[in-house]
Amino acid sequence: MKFNYASAALLIIDVQNDFCPAGALAVKDGDEVIQPLNRAAALFSEYGAKVIATQDWHPGDHVSFASSHPGRNPGDVMELPGVKEQVLWPDHCIAGTAGADIHGKLDLSHVHMILRKGFRRELDSYSAFFENDKKTSTGLGGMLADLGIKNLFLGGLALDYCVFYSAVDAVRLGYKTAVLTDAVRGVDIPAGSAEKALQALEKAGVSLINSADPEFGIGLKH
Ligand code: VGL
Ligand code: ZN
């Protein structure tokens, strides 16, 4: 598939210490997304395409934490106001902690903007566009519209949550959307969700492309 990179942005989703090995909500091999993302970010930046990063950013008593619901455990699913099936997580990405920091090896020199999400105590946010009530905007859509961006490339963590919901919302909002398969890893809770996410993304109209493909980036120059 040919992309128009002139109006492209790379969205780097939640490459934070808590989602990397040894983190509070570790994604297996999560740090392996960093090298392809650094390469893609350099390429995008070189040709004037935007690079935007997101950061999961929760208060210590966030509603998505199992610890906020006595008797519940990480991995449990419960109904919350406006959110039918909220997965409960271990405490992670608490605002201002080292676990919430973007991984030190991610090259931020190419990143134009960092968007934080999930900072409302009573509402979780997987998608970079809308919080989990599917109504509350993060502001990303308005920013991308202002910048004239029409094509989105996504990578980061976790494939089956924040990358997945961001990509599905992107398609719904009319962006031509691709997920960089070599630059994502899934948390796979419940088991099988990472594979399911890939299939559902394709079905939703998201292109799955490998950023190591020599064709990737051809057309960025314009
Ligand atoms: C994420 C679970 C909870 C993610 C964030 O970044 O995919 N997953 N919070
Ligand atoms: Zn979170």
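Structural data are supplied above this passage.
Residues numbered from 1 in each chain as written. Chains lettered and ligands numbered in written order. Predicted model: local features only at pLDDT ≥ 70, side-chain atom pairs only at ≥ 80, totals over all residues. Heavy atoms only, no water.

Chemist: Help me understand the site of ligand 1, please; the structure alone is not making it clear to me.
Modeler: The full set of residues close to ligand 1 is Asp14, Phe19, Asp56, Trp89, His92, Tyr126, Leu157, Ala158, Tyr161 and Cys162. A distance of 3.0 Å separates a nitrogen atom of ligand 1 from a polar side-chain atom of Asp56. Judged by the fraction of its atoms near the pocket grid, ligand 1 is located in the largest cavity. Considered class by class, the residues forming the shell around ligand 1 number seven nonpolar, one polar and two charged. (Near = heavy atom within 4 Å. Polar contact = N/O pair within 3.5 Å; in protein donor to acceptor, adjacent residues only side chain to side chain. 1 Å grid on protein atoms, 1.4 Å probe; cavity = no way out; pocket = protein on both sides within 12 Å on 5 of 7 lines; lining within 4 Å. Sits in = over half its atoms within 2 Å of the grid points. Nonpolar A, V, L, I, M, F, W, Y, C, P; charged D, E, K, R; others polar.)

Chemist: Just checking my understanding: could you explain the pairing of strand E1 (residues 8-13) for this structure?
Modeler: The buried fraction of E1 is high, at six of six residues. By the bridge criterion, six bridges tie E1 to strand E6 (residues 151-156) in an arrangement that is parallel. Its bridge partner being in E6, Leu10 is matched across the sheet by Phe153. Judged from the five bridges that link them, E1 and strand E2 (residues 50-56) form a sheet pairing that is parallel. Residue Ile12 lies in a different strand from E2, and its bridge partner there is Ala53. Read from E1 through helix H1 (residues 34-46) to E2, the crossover connection turns out right-handed. (Buried < 20%, exposed > 50% of the residue type's maximum accessible area, 1.4 Å probe, protein only. Helix = DSSP H or I, 4+ residues; strand = E, 2+ residues; numbered from the N terminus. Pairing = 2+ DSSP bridges. Right-handed = clockwise from strand over helix to strand, strands pointing away.)

Chemist: What should I look at first to understand the layout of surface pockets in this one?
Modeler: Rolled over the atoms, a probe with the dimensions of a water molecule shows which regions are left empty. The space that makes up the largest pocket amounts to roughly 580 Å³. What lines the largest pocket is a set of 27 residues, and nearest its centre among them are Glu85, Val87, Tyr126, Tyr161 and Tyr165. Secondary structure elements with two or more residues in the lining of the largest pocket: strand E4 (83-87), helix H3 (159-172) and helix H4 (193-204). Sorting elements by how many residues they give to the lining of the largest pocket places H3 first, with seven residues. For the lining of the largest pocket, the residue count by class is 13 nonpolar, six polar and eight charged. (Points joined across faces, edges and corners; volume = space filled by probe spheres on them.)

Chemist: Is there a simple way to explain the coordination of the zinc ion (ligand 2) in this structure?
Modeler: Ideal values for angles at a metal depend on the geometry: 109.5 degrees with four tetrahedral donors, 90 or 180 degrees with six octahedral donors. Within the first shell, the zinc ion (ligand 2) binds the protein through Asp56 (OD), His58 (NE2) and His92 (NE2), at distances of 2.0 to 2.2 Å. Taken together, the four donor atoms coordinating the zinc ion (ligand 2) span angles of 87 to 168° at the metal, a pattern that classifies the geometry as irregular. Written as a sequence motif, the donor arrangement for the zinc ion (ligand 2) is D-x1-H-x33-H. Of this pair, Asp56 sits in strand E2 while His92 sits in the loop between E4 and strand E5 (113-117), placing them 36 residues apart in sequence. On the basis of relative accessibility, which here comes to 3%, the residue Asp56 falls in the buried class. A relative accessible area of 3% means that His92 is categorised as buried. (Donors = N, O, S within 2.8 Å, 3.2 Å for Na, K, Ca; no water. Tetrahedral: all angles 85-135°; square planar, octahedral: opposite > 155°, others 65-115°.)

Chemist: What's the story with the environment of Ala212 in this structure? I'm lost.
Modeler: Along the chain, Ala212 turns up in the segment after strand E8 (207-209). Along the chain, Ala212 and Asp182 lie 30 residues apart, while their C-alpha atoms are 7.4 Å from each other. Filtering out sequence-adjacent residues up to four positions away, Ala212 remains in contact with Arg39 and Asp182. (Contact = heavy atoms within 4.5 Å.)

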